[in-house]
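The residues making up each chain are set out below.
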Amino acid sequence: MKHDHAPERTLDEAEAWIYTDPSRVRDLALAVEADLDDDEARRALRLRAKLLAVIADAAQGNTTQALSSGLTLLPDVTHFGDPVLESRLTNVLGGLTDELGLQEQSLRWLTRSRALAEELGDARAIARSWGNAGVAWSRLGDEERALECYREAIGVLSRAGLEDAQSRHHHNAAISLRALGRSDEALAQLDRCEAIAALAGEHVTMIYVHLERARLSDPASDEALQHAATAVSRTEEGPHAALMAEARLLRARIQRDRGDLNGALQSARDGLRQAVRFASDEWTRAGHRLLSELLEATGQHREALQHLRLCDALERAWETRRRDARLAGLRVMHEVTQLEERNRRLTAERTRLQEANDALEALRQAQRALVSLASHDLRSRLATVHLVAQALELGPGPEALARHSGILMRSAVHMTLQLDNLLDACRLEGAELELNAEPLDATTVAWRALDNVRPLAEGKGLRLTPLDETPCPAFADPGALKRVLENLLSNAIKFSPRRAAISLTLRPDGDRILLLVEDGGPGIPDAERARAFRRFERLSPRPTGGEPSLGLGLYVAHEITARMGGRLTLSTRPEGGCRATVELPSRPPDIS
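Residues numbered from 1 in each chain as written. Predicted model: local features only at pLDDT ≥ 70, side-chain atom pairs only at ≥ 80, totals over all residues. Heavy atoms only, no water.

## Thoughts on the overall build of the protein
- Per the secondary structure count, the protein includes 20 helices and 7 strands.
- In the protein, 64% of the contacts between residues at least 6 apart in sequence involve partners at least 24 apart.
- Approximately 30200 Å² of the protein is accessible, and the part contributed by carbon and sulfur atoms is 51%. (Helix = DSSP H or I, 4+ residues; strand = E, 2+ residues; numbered from the N terminus. Contact = heavy atoms within 4.5 Å. Areas by Shrake-Rupley, 256 points an atom, 1.4 Å probe, with all protein chains shown as cover.)

Next comes the structure, spelled out in C-alpha cells:
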C-alpha cells in the first residue's frame, strides 16, 4: 500500500484512530513499515510503526498475539536506545500482561516504563504508567493501592499543568472509591472528571461518567435511571461497541430494581443485540445472564433456561480462552526471556572479545613502540661500535686504546642486557621460559652479575661497593638469578647520579635469603610503585645519563623471581634512593 502522505504524517493520523478503528491502524502501520524496510536511516519510524501494530492488535482483543509481537519487538527497541519508544512499549506490555491475569509481571513492566518516562521528564507517560499500575492493583483486589496509583498519576499531571489529561484517572479513582464504600469521595472524583471531559469535549469519557453516577445512585431511584438513560442516548450520538451494550444492560438492571420488568426486558434485549453485533464477549455473557434472570422473574422459564445455558457455555469458552491465552502468554514470555538471556550472553561475549581486541591492539602498539625504541638504541650502540672500530684501525695510542675498549665493553654489555630482556619478555609472554632451580651459592652468582655491569657503572663514575664473599646458599636457577640481579643493578646505574654509590648485599633470613640492591637515585614515587612491575611501563624518574628505557627490566626481574618461588619488592630508603629486595628460598622445598 502506497501513501500520498509522508510516513510521519501517516503514523500521526493512525494514532488518532487507534481505539476507534484498530484494524485500519494495523494495516497502515504494517504498510508504513514495509515502505521503510530498507531505510536504516528511518529506523525510528519503522519501530514506531511496529509498535502501533502491537497496540492495534491489543485494541482488537488479540492479546496473546500483541504480547508476542511486543516482546519480540522489545530487544530492537531497547538496542535502538530510544527511551520514548521503550517507555511506551513497556507500558503496553504492562497492560497486555495485566489482561492475561499476569499482574505481578504487569507491575514490573509498568515500573520499568515509569522509570524511563521519569528520565525523559514525560509527565503524560509517567501518569499513564501510574494509571495502568492502578488497574493492575485493582484486578488483584487491592483497591487502596490502586487508589494510590491513580492519585500519583493525577499529581504528576497537576504539577506539569496538564489538568486536561486527568479525566481518566479521576474516573478510575471513583471506581476504586465506590469499591471501598466511599461514595461521597467517589462522587467528588466524578465531578472533577466530568468538568475536565466537558471542557476537552471527551464524548466517551462523559458516557463513563454517567454510567458510574448511575452505579453510585440508589438502584431504584429516578437519578440512577436518568443517568443510565443519558449514557444510552450518548452512545447513540457516537457509537462505541462495548459502551452501547454496557449502557443498555445497566439501564435494564435499574428498570428491574424499579419494578419495570417489561422495560428491563426490552433494554436487556437491546443490550444483548449490541453486544453480539460488536462481538463483545464480556457484555454478551452479561446480557444472557440478565435476560435469564428477567425471564425467570416473568415466568418465561423455557427461554430463561436457554439464555442461562448460552451464558454458561460462553463463560466456559471464555474461561478456556483466557486460560489458553494466559498459558500462551507465559510461553511467549518464557521464550523471549530465553532469547534475552542468549542476547545478554552474546552481548557479554562481544564485549569480552572487544576488550580482548582492544588489549591486543594496545599490546601491538606497545610492541611497535618497543621495537622502534630498541632498534633506535641498538643502532646507536652499533654505530658507536662502528666508529670505535674505525678509530682502532688508525692505530691509536695506549690511552685512546683503553678509552675505546671501555666504550666497546659498555656498548656490548648494554646491548646484551637489552636483547636478553627482549627475549625474556617474549618467553614470559608465551609461557616458554624454562627455569631449573638447584642448590647454589648466591654469592658466586652475585659476583658474576656485578662483574657484568661494572663497565656500565665505571662509564658513569659510579662506585660499586665491595660484596661480602661469605657463601650464601640459595635454591634458584643460576642463569635466571644472574639476569634478575643484572637488571636490578643496571636499573640502579641508569637512575643514579654521577659519583653515587650502589651496593649489593646478601643476607640469610631463616629459610629464605635476601638480596638487596640499593642506589642513591631519586627512588620511585609511592603513587607509581604499583605500576613499576608492569611491562613497557616507564615511570616519572628519568635516567640520569639520558639512557633509553624500554620498561622491561623490572618487569622481567619481577616475573622471573616469582617463577622461582620468590618475591621482588621496591621501597624508598630513609636516606634517599631506591631499595630492591629479592627474597628467595635458601633450600629446596621439603617434599617428604
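Anyway, onward from the coordinates.
## Side note on unusual backbone geometry
- For Arg499, which is not glycine, the phi dihedral falls at a positive 70 degrees.
- In this fold, Arg499 is placed in the loop between helix 19 (478–495) and strand 4 (501–509).

## Digging into the packing of helix 18 (residues 442–459) against helix 19
- Direction vectors running N to C along helix 18 and helix 19 enclose 40 degrees, while the axes themselves pass 9 Å from each other. The hand of the helix 18/helix 19 crossing is right-handed. Between helix 18, through Ala442, Val445, Ala446, Arg448, Ala449, Leu450, Asn452, Val453, Leu456 and Ala457, and helix 19, the contact on the second element is made entirely by Pro478, Leu481, Lys482, Leu485, Glu486, Leu489, Ser490 and Ile493.
- The residue inventory of the contact of helix 18 with helix 19, partitioned by class, reads 13 nonpolar, 2 polar and 3 charged. (Axes fitted to C-alpha atoms, helices over the stretch in contact; angles between N-to-C directions. Left-handed = near helix turned anticlockwise from the far one by under 90°. Nonpolar A, V, L, I, M, F, W, Y, C, P; charged D, E, K, R; others polar.)

## A word on the nonpolar core
- Counting 52 residues, the largest nonpolar core has Leu488, Leu504, Leu506 and Leu515 as the members making the most contacts within it.
- Core analysis: the next-biggest nonpolar cluster, separate from the first, contains 25 residues, Leu107, Ala153, Val156 and Leu157 among them. (Core = buried A, V, L, I, M, F, W, Y, C linked by side-chain atoms within 4.5 Å. Buried < 20%, exposed > 50% of the residue type's maximum accessible area, 1.4 Å probe, protein only.)

## Notes on the sheet that holds strand 4
- One open sheet accounts for 5 strands, arranged 2-4-5-7-6; its pairing is mixed. In this open sheet, the two strands that pair with only one neighbour each are strand 2 (463–464) and strand 6 (567–572).
- Bridge count for strand 2 against strand 4 is 2 bridges, and the pairing is parallel. When the sheet's bridge partners are listed, Arg463 is paired in strand 4 with Ala501. (Pairing = 2+ DSSP bridges.)

## Quick word on helix 20 (residues 553–563)
- Listed in full, the buried residues belonging to helix 20 are Leu554, Tyr555, Val556, Ala557, Ile560 and Thr561.
- Residue Gly565 follows helix 20 closely and has a positive phi angle near 85 degrees.

## A word on the packing of helix 9 (residues 167–179) against helix 11 (residues 203–216)
- At their nearest, the axes of helix 9 and helix 11 sit 11 Å apart, and the two run at 15 degrees to each other. It follows from the interaxial angle that helix 9 and helix 11 lie roughly parallel. Considering how the two elements wind past one another, helix 9 and helix 11 form a crossing that is left-handed. The segment helix 9 lies against helix 11, with Ser167, His171, Ala174, Ile175 and Arg178 engaging Thr205, Tyr208, Val209, Glu212, Arg215 and Leu216.
- Along the lines of polarity and charge, the residues of the contact of helix 9 with helix 11 split into 5 nonpolar, 3 polar and 3 charged. (Parallel < 35°, antiparallel > 145°, perpendicular 65-115°, else oblique.)

## Remarks on the pattern of salt bridges
- On inspection of all chains with the given rule, the structure shows 28 salt bridges.
- One salt bridge in this structure joins Arg352 and Glu349, with 2.6 Å as the shortest N-O distance. With Arg352 and Glu349 both in helix 16 (residues 301–393), this residue pair falls 3 residues apart, about one helical turn.
- Note on Arg352: relative accessible area 44%, which makes it partly exposed.
- Between Glu583 and Arg567 there is a salt bridge, with its nearest N and O atoms 3.2 Å apart. Of this pair, Glu583 sits in strand 7 (residues 578–585) while Arg567 sits in strand 6, and the two are 16 residues apart along the sequence.
- Because the salt bridges share partners, they merge into one network encompassing Glu144, Arg151, Arg182 and Glu185. (Salt bridge = Lys/Arg side-chain N within 4 Å of Asp/Glu carboxyl O.)

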